[in-house]
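# Survey of secondary and tertiary structure
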Amino acid sequence: MRKLLRYAHPEVTYRISHKVLSLLSKGLHLNKDEKAKAEKLTLPSKLFNIRLDIPVGTGAGIDKDGDLAKLYLTLCGFHTVGSILLHPRPGNPHPRLYRYPEALSMINAMGLPSRGISYVIKNLLQIPERYVVIANIAGFTTEEFVILAKVLSRIDCVKVIELNISCPQYKNINLHEPRFLEDLLQRVREVTRKPILVKISPRMHVFLRDIVRVCEKFSNVGLTIANSFPVKAEFMSSGIGGVSGILIYRLMRKLVEIVRKISDIVVVACGGVFYGEQVYELLTRFNVSAVQVVTAIAYEGPFALVRIIRELEAVVESR
Ligand SMILES: Cc1cc2nc3c(=O)[nH]c(=O)nc-3n(C[C@H](O)[C@H](O)[C@H](O)COP(=O)(O)O)c2cc1C
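None of the values given here were measured: they were computed from a predicted structure. (Residues numbered from 1 in each chain as written. Predicted model: local features only at pLDDT ≥ 70, side-chain atom pairs only at ≥ 80, totals over all residues. Heavy atoms only, no water.)

Here the focus is the overall build of the chain. Per the secondary structure count, the chain includes 11 helices and 14 strands. Here the C-alpha radius of gyration of the chain, 18 Å, is about what a compact globule of 319 residues would show, namely 20 Å. Residues classed as buried in the chain amount to 61% of the 319 residues present. Long-range pairs, those at least 24 residues apart, make up 74% of the contacts in the chain between residues at least 6 apart in sequence. (Helix = DSSP H or I, 4+ residues; strand = E, 2+ residues; numbered from the N terminus. Rg over C-alpha atoms; globule rule 2.2 N^0.38 Å. Buried < 20%, exposed > 50% of the residue type's maximum accessible area, 1.4 Å probe, protein only. Contact = heavy atoms within 4.5 Å.)

Time to look at the site of the ligand. Taken together, 21 residues lie around the ligand, and Ala60, Ser83, Lys199, Gly272 and Thr295 are the ones closest in. Glycine 245 places a main-chain nitrogen or oxygen 2.8 Å from an oxygen atom of the ligand. In the complex, the protein chains occlude 97% of the 600 Å² of accessible area that the ligand would expose alone. For the shell around the ligand, the secondary structure elements donating two or more residues are β4 (79-84) and β12 (240-245). Its residues placed into classes, the shell around the ligand shows six nonpolar, 13 polar and two charged. (Near = heavy atom within 4 Å. Polar contact = N/O pair within 3.5 Å; in protein donor to acceptor, adjacent residues only side chain to side chain. Areas by Shrake-Rupley, 256 points an atom, 1.4 Å probe, with all protein chains shown as cover. Nonpolar A, V, L, I, M, F, W, Y, C, P; charged D, E, K, R; others polar.)

Looking now at the packing of helix α5 (residues 142-152) against helix α6 (residues 178-191). In the contact formed by α5 and α6, the axes pass within 9 Å of each other and the chain directions differ by 30 degrees. Classified by the angle their axes make, α5 and α6 are roughly parallel. For α5 against α6, the interelement crossing comes out right-handed. Residues Thr142, Glu143, Phe145, Val146, Ala149 and Lys150 of α5 form the contact with α6, whose own contacting residues are Phe180, Asp183, Leu184, Arg187, Val188 and Val191. Here the contact of α5 with α6 is built from residues that sort into seven nonpolar, one polar and four charged. (Axes fitted to C-alpha atoms, helices over the stretch in contact; angles between N-to-C directions. Parallel < 35°, antiparallel > 145°, perpendicular 65-115°, else oblique. Left-handed = near helix turned anticlockwise from the far one by under 90°.)

What follows covers the layout of surface pockets. To locate leftover empty space, one rolls a probe as large as a water molecule over the atoms. Roughly 520 Å³ of internal volume is contained in the second largest pocket. Element by element, the count of residues in the lining of the second largest pocket is highest for helix α2 (residues 10-27), at eight residues. Of the residues assigned to the lining of the second largest pocket, the class counts are six nonpolar, four polar and 10 charged. (1 Å grid on protein atoms, 1.4 Å probe; cavity = no way out; pocket = protein on both sides within 12 Å on 5 of 7 lines; lining within 4 Å. Points joined across faces, edges and corners; volume = space filled by probe spheres on them.)

Read from one edge of the open sheet, four strands run β5-β6-β12-β11, paired in antiparallel fashion. Edge positions in the open sheet fall to β5 (97-100) and β11 (229-232), since each of these has one partner strand only. When strand polarity is set aside, the average angle formed by the axes of neighbouring strands in this sheet is 30 degrees. Summarising the sheet, β5 and strand β6 (residues 105-108) pair through four bridges and their orientation is antiparallel. Looking across to β6, one finds that tyrosine 98 is bridged to isoleucine 107. (Pairing = 2+ DSSP bridges.)

In the structure shown here, the tally under the stated rule is one cavity of 30 Å³ or more. The wall of the largest cavity is formed by Ser25, Lys26, Gly66, Asp67, Ala69, Lys70, Asn123, Gln126 and Ile127. Broken down by class, the residue content of the lining of the largest cavity amounts to two nonpolar, four polar and three charged.

Within the largest apolar cluster, 89 residues are counted, with the highest numbers of intra-cluster contacts made by Leu152, Leu163, Leu185, Leu223 and Ile225. A total of seven residues in this core trace back to one element, the largest contributor, which is helix α11 (residues 303-318). With sequence-adjacent residues up to four places away left out, leucine 185 is seen in contact with Leu163, Ile196, Val198, Val214, Cys215, Phe218 and Val221. Residues Phe78, Ile134, Val266 and Ala290 belong to the second largest nonpolar core, which totals 12 residues. (Core = buried A, V, L, I, M, F, W, Y, C linked by side-chain atoms within 4.5 Å.)

Contact geometry for α6 and helix α7 (residues 208-216): axes closest at 10 Å, N-to-C directions at 25 degrees. One element, α6, and the other, α7, form an angle in the roughly parallel class. The handedness of the crossing between α6 and α7 is right-handed. Between α6 and α7, the residues in contact are Pro178, Leu181, Glu182 and Leu185 and Asp210, Ile211, Val214 and Cys215, respectively. The class makeup of the residues in the contact of α6 with α7 is six nonpolar, no polar and two charged.

In structure tokens form, the structure reads like this:
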């Protein structure tokens, strides 16, 4: 089954698995009071002021519209929904996904497909308050980010707003530009008290210090490091794609290390995490608050999370 998932056409497996998992997820009933299964894990963590029973969860792209939220929330410590857009958007035409199984990596040029905020809200309202959902939002104007943040922060299970300023498909707009980012954070902060994560591109090493300084001006603002790595991809419909998976792991870790040298800002690590040992290192050596997983799930399905959490438990117990 794993081999099939690894080598089958990525668009086909993406669609079929999403359909099946979404049906499964819809059938689940989350108990309001039930504690998370893996609470026994000996490495609980804090994301801002939020206690995470398990510091491992999904990253954006696994569940763009919240259809799979119930399922993933039973498997891991938190679930990221998005990128959520204000209005429905089809995304780029195919081909928009390409796999490199030998390198456990892929290129995607999804182009921010979304069913729009109204659809996502209906899914999120079904999640009890005790669960931790990160709402990852994307927009093409500051106003779009502000409206999305305002609406989503009213939903109980949404504990953190993540600003996707780094989608390779933004093409000619640079949302990392420090003055723009400061204005964006100011305007989003006016409409929400919830913690904010700024999700940056792994190419932003040039601006990294400035970005950190801008985030530090605000309370409860941290970084998600990082989005996929933008590359030219002429075989994709959009001509540009984002590399994810093992190929970007070392770069992600380097960026986290640079940030840690200059700041104790909250950091969520994302990029090429496939193994419990990696999570352990990120938590203990670089003091990240949580780790998001995407490409490993694209290759192995939701059980990638179960495996990674088990491996993490084993590492914790062995130290
Ligand atoms: C198919 C796919 C879709 C993605 N969609 C989004 C998205 O909508 N918003 C976003 O912020 N990141 C998105 N990402 C980037 C991931 O959240 C993550 O930052 C990146 O893939 C690196 O992590 P990974 O190596 O574990 O996949 C997507 C990644 C993939 C592979």
